[in-house]
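If you want the building blocks of each chain, they are given just below.
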Amino acid sequence: MKAIKTLVAVMGILLLGGLGLLGYGLTTKTGRNAKPTALADFGAVSIPLPAGARVEQMAVAGERVILRIAGSGPERLIVLDPTGGTVTGSFVMTPEAPAVAR
């Protein structure tokens, strides 16, 4: 009977120790204690725009900045990566030709 009591006590200590380690791991890995990353200094970035175009709207989507350009020619969306100061891509909005009635 003494051996069973000792075994139960040791297993209880191991169980509590394991739960404590699990709790510690969850609290340190959740990102609560993570330091925010600083943006790298990338200086001045030149974004080519067509002559007569202007920035109509700016929006932030996740880790990207989206500029809506209007004015000269079709509207376009320019996607920027602010961490690196680069143009990730762009979308040109071209109107479809109207359907011809028969």
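Being a predicted model, the structure only gives us computed values, none of them experimental.

Peer 1: I'd like to hear about the pairing of strand E2 (residues 64-70), residue by residue, with values.
Peer 2: Direction of pairing for strand E1 (residues 54-61) relative to E2: antiparallel, over a ladder of 7 bridges. When the sheet's bridge partners are listed, Ala59 is paired in E2 with Ile66. Taking the residues that link successive antiparallel strands as the turn, the E1-E2 hairpin has 2 residues, and the phi of Gly62 there is positive, at about 65°. Note that E2 and strand E3 (residues 76-81) share 5 bridges and pair antiparallel. Each bridged residue has a counterpart across the sheet, and for Val65 the counterpart in E3 is Leu80. A loop of 5 residues connects E2 with E3, the two strands running antiparallel in sequence, and Gly71 in this loop sits at a positive phi of about 130°.

Peer 1: Could you give an account of the nonpolar core, naming the residues involved and the relevant values?
Peer 2: Counting 6 residues, the largest nonpolar core consists of Ala53, Val65, Leu67, Ile69, Ile78 and Leu80. Put simply, the parts of the chain that give this core at least two residues each are E2 and E3.

Peer 1: Summarise the confidence of the model for the protein; cite the residues concerned and give the values.
Peer 2: Atom-level detail of predicted coordinates should not be read off regions where pLDDT is low. On average, residues of the protein carry a pLDDT of 83, and 87% of them reach 70 or more. Summarising per-element confidence for the protein, the mean pLDDT is lowest in strand E4 (residues 86-92) (87) and highest in helix H1 (residues 2-29) (91).

Peer 1: Explain the sheet that holds E1 residue by residue, including any values.
Peer 2: Taken in spatial order, the 4 strands line up as E1-E2-E3-E4 in an open sheet, and their pairing is antiparallel. At either margin of the open sheet sits one strand with a lone partner, and together these are E1 and E4. Put simply, the sheet's adjacent strands are angled 20° from each other on average, direction ignored.

Peer 1: Requested: an account of a nonpolar patch on the surface, with residues and values cited.
Peer 2: The grouping of Leu15, Leu16, Leu19, Leu22 and Leu26 at the surface amounts to a nonpolar patch, some 550 Å² of accessible area in total. Mapping Leu15 onto the fold places it in helix H1.

Peer 1: Before we move on, could you go through the environment of Ala51 and cite the residues and values that matter?
Peer 2: In this fold, Ala51 is placed in the loop between H1 and E1. Given the relative accessible area of 66%, Ala51 is considered exposed. Taking C-alpha positions, Ala51 is 6.5 Å from Ser72, a pair spaced 21 residues apart along the chain.

Peer 1: Which residues make up the environment of Val79, and what are the values?
Peer 2: Tracing the sequence through the fold places Val79 in strand E3. For the pair Val79 and Gly89, spaced 10 residues apart in sequence, the C-alpha to C-alpha distance is 5.2 Å. Beyond its immediate stretch of four places on either side in the chain, Val79 contacts Arg64, Val65, Ile66, Thr86, Val87, Thr88, Gly89 and Phe91.

Rules used in this analysis
Residues numbered from 1 in each chain as written. Predicted model: local features only at pLDDT ≥ 70, side-chain atom pairs only at ≥ 80, totals over all residues. Heavy atoms only, no water. Pairing = 2+ DSSP bridges. Helix = DSSP H or I, 4+ residues; strand = E, 2+ residues; numbered from the N terminus. Core = buried A, V, L, I, M, F, W, Y, C linked by side-chain atoms within 4.5 Å. Buried < 20%, exposed > 50% of the residue type's maximum accessible area, 1.4 Å probe, protein only. pLDDT = per-residue confidence, 0-100. Axes fitted to C-alpha atoms, helices over the stretch in contact; angles between N-to-C directions. Patch = residues over 30% accessible without salt bridge, like charges linked within 9 Å, V, L, I, M, F, W, Y side chains within 5 Å. Areas by Shrake-Rupley, 256 points an atom, 1.4 Å probe, with all protein chains shown as cover. Salt bridge = Lys/Arg side-chain N within 4 Å of Asp/Glu carboxyl O. Contact = heavy atoms within 4.5 Å.

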